[in-house]
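# Survey of secondary and tertiary structure
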Amino acid sequence: MKITHILWGLTSGGIETMLVNIINHQVKEHDVELLLVNDYYDSSLLAQLSDKCRLVRCKRKVGSRNPIPILKLNRHLLCSRPDIVHLHSTGLSRIIFVPCTMVRTIHNTNNPCGEYRKMRQLFSISKAVKSYTKSQGYESELVENGIPVGAFSQKDQPWEPNHPLHIVQIGRLDVRQKGQHVLISSMEKLVKDYKATNLFVHFIGAGDDEQMLRQLVKDKGLEEYIIFEGVKPQDYLKGHLKDFDLLVQPSLYEGFGLTVAEALAAKVPVLVSDIEGPMEIIEDGKYGMAFHCNDADDLASSIRHILLHGYPQSMVEEARDMVCEKYDITHTAEKYLQAYQEILSN
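Structural notes, computed from the coordinates. All of these numbers come straight from a predicted model, not from anything done at the bench.

## What to know about the environment of Ala300
- Relative to the helices and strands, Ala300 is located in helix α11 (residues 296-309).
- Sequence separation of Ala300 and Asp193 is 107 residues, and the distance between their C-alpha atoms is 10.0 Å.
- Look past the residues within four positions of Ala300 in its chain and what remains in contact with it is Ser186, Lys189, Leu190 and Tyr194.

Spelled out as structure tokens, the structure:
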């Protein structure tokens, strides 16, 4: 089977990281290529792409109206004649003019649906996304996100009260979705109201809101407690996610929450906002803790509870077993291949 995956660019986000892992599985038995429209990519993530996967770069400058890269994309598809063209971003179908069998993975809730009618098949990464897509008037097949579970080193010693608590938040610095400002506000309450000073937040990622968040930290006098770590390659997370004591995901909306699954694979406890995607992963509190979305006071209270009483280790152990069984990347990659075969046989 000849498969072409298309992205605007290869950044270090969750979609791109997962796609590289999927491709690396699919190339074992199929002819797979990755087509990047724009001329930007994360070199560390690109280095993880299998040599068996053909990489096609159209090299369009971001925001450019130069038609040549788009013509290059369509000429390539016309010559390559893939069996399946798998899209992973909004807007891509608008620049594809040649006839091809297009499928699309929907990676988030609140996603615009104008292009869905062009797709032979829609895939949703979670029950939450599937439900949201149905509310827009479109059916989709559920193919849950996956991670390379076995690649993540595991935390060998659980955090204990009275020790420094190192909290990690991983993701694009984008307060409109990821809600980092909620975590910063909760830290202000913890430090100033609860007098909890033996804790630290590490933001891993970059984004348009970084300067605003840095200023917010400064305005609240929290520079001692909040560290901006910048972007870290996936290999770093696989080896060092275990070094943190708690992952907090304060997202305001989220179709899945790949970093939540990664933390559970590393035996790192999680505390997530009570929205559909993350709650689906932790099964409404069975495998992790939650707080009220966009409520800094409730987040602070939840962290304070952990500071005083710890985190149930039995939950951590059971969560790791669940992730192995349900969210390993091999399951995700195989489900896509099975779906492709069904499409081509009809």
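Now that the structure is up, let's keep going.
## Structural notes on the packing of helix α9 (residues 258-265) against helix α12 (residues 313-326)
- Packing of α9 against α12 leaves a shortest axis separation of 8 Å and a crossing angle of 120°. Taken together, the axis directions place α9 and α12 in an arrangement best described as oblique. For the pair α9 and α12, the sense of crossing is left-handed. For the pair formed by α9 and α12, the contact residues are Ala261, Leu264 and Ala265 on the first element and Ala319, Arg320, Met322 and Val323 on the second.
- Each residue belonging to the contact of α9 with α12 can be placed in one class, and the counts come to six nonpolar, no polar and one charged.

## Focus on the packing of aromatic side chains
- On inspection of all chains with the given rule, the structure shows six aromatic pairs.
- Ring centres of Phe123 and Tyr336 lie 5.1 Å apart, and the angle between their planes is 90°; this geometry places the pair in the edge-to-face category. Highlighted residues: Phe123 in strand β6 (residues 121-124) and Tyr336 in helix α13 (residues 329-345), separated in sequence by 213 residues.
- Judged by its relative accessible area of 1%, Tyr336 is buried.
- With a centroid separation of 5.4 Å and an interplanar angle of 40°, the aromatic rings of Phe203 and Phe228 are classed as tilted. Taken together, the positions of Phe203 in strand β9 (residues 199-204) and Phe228 in strand β10 (residues 226-230) put the pair 25 residues apart, joining distant regions of the chain. We note that Phe203, like Phe228, is buried.
- Each residue in the set Phe123, Tyr336 and Tyr340 is aromatic and connected to the rest through ring pairs, giving one cluster.
- A cation over a ring is seen here: Arg57 above Tyr41, with NZ or CZ 4.6 Å from the ring centre.
- The positively charged end of Arg304 is found above the aromatic ring belonging to Tyr194, 4.5 Å away from the centroid.

## Observations concerning the pairing of strand β1 (residues 2-7)
- Of all six residues in β1, five are buried; the element is thus mostly enclosed.
- Relative to strand β2 (residues 31-38), β1 runs parallel, the two being bridged by six bridges. Across the sheet, the residue bridging to Ile6 is Leu35, located in β2.
- Handedness of the crossover joining β1 and β2 through helix α1 (residues 14-26) is recorded here as right-handed.
- Note: β1 against strand β4 (residues 84-87), four bridges, orientation parallel. Paired with His5 across the two strands is His86, which belongs to β4.

## Focus: unusual backbone geometry
- Here Glu283, not a glycine, exhibits a phi torsion of approximately 50°, which is positive.
- Take Glu283: it is sitting in the loop between α10 (276-281) and β13 (289-291).
- With relative accessibility at 31%, the residue Glu283 sits in the partly exposed group.
- A positive phi angle is found at Asn294, which is not glycine, with a value near 60°.
- Within the secondary structure, Asn294 sits in the loop between β13 and α11.

## A look at α11
- In this model, α11 (14 residues) spans 20 Å end to end at C-alpha, consistent with the 20 Å of a helix rising 1.5 Å per residue.
- In this fold, the buried residues of α11 make contact with β8 (165-170), α6 (180-192), β9, β11 (246-249), β12 (270-273) and β13.
- With a side-chain oxygen positioned 3.2 Å from the backbone nitrogen of Asp297, the residue opening α11 is Asp295.
- Where α11 terminates, the next one or two residues include Gly310, which has phi positive at roughly 80°.

Reading the values: rules and limits
Residues numbered from 1 in each chain as written. Predicted model: local features only at pLDDT ≥ 70, side-chain atom pairs only at ≥ 80, totals over all residues. Heavy atoms only, no water. Helix = DSSP H or I, 4+ residues; strand = E, 2+ residues; numbered from the N terminus. Contact = heavy atoms within 4.5 Å. Axes fitted to C-alpha atoms, helices over the stretch in contact; angles between N-to-C directions. Parallel < 35°, antiparallel > 145°, perpendicular 65-115°, else oblique. Left-handed = near helix turned anticlockwise from the far one by under 90°. Nonpolar A, V, L, I, M, F, W, Y, C, P; charged D, E, K, R; others polar. Phe/Tyr/Trp six-rings, centres within 6.5 Å; stacked < 30°, edge-to-face > 60°. Buried < 20%, exposed > 50% of the residue type's maximum accessible area, 1.4 Å probe, protein only. Lys NZ or Arg CZ within 6 Å of the ring centre and 35° of its normal. Pairing = 2+ DSSP bridges. Right-handed = clockwise from strand over helix to strand, strands pointing away. Expected span 1.5 Å × (residues − 1). Polar contact = N/O pair within 3.5 Å; in protein donor to acceptor, adjacent residues only side chain to side chain.

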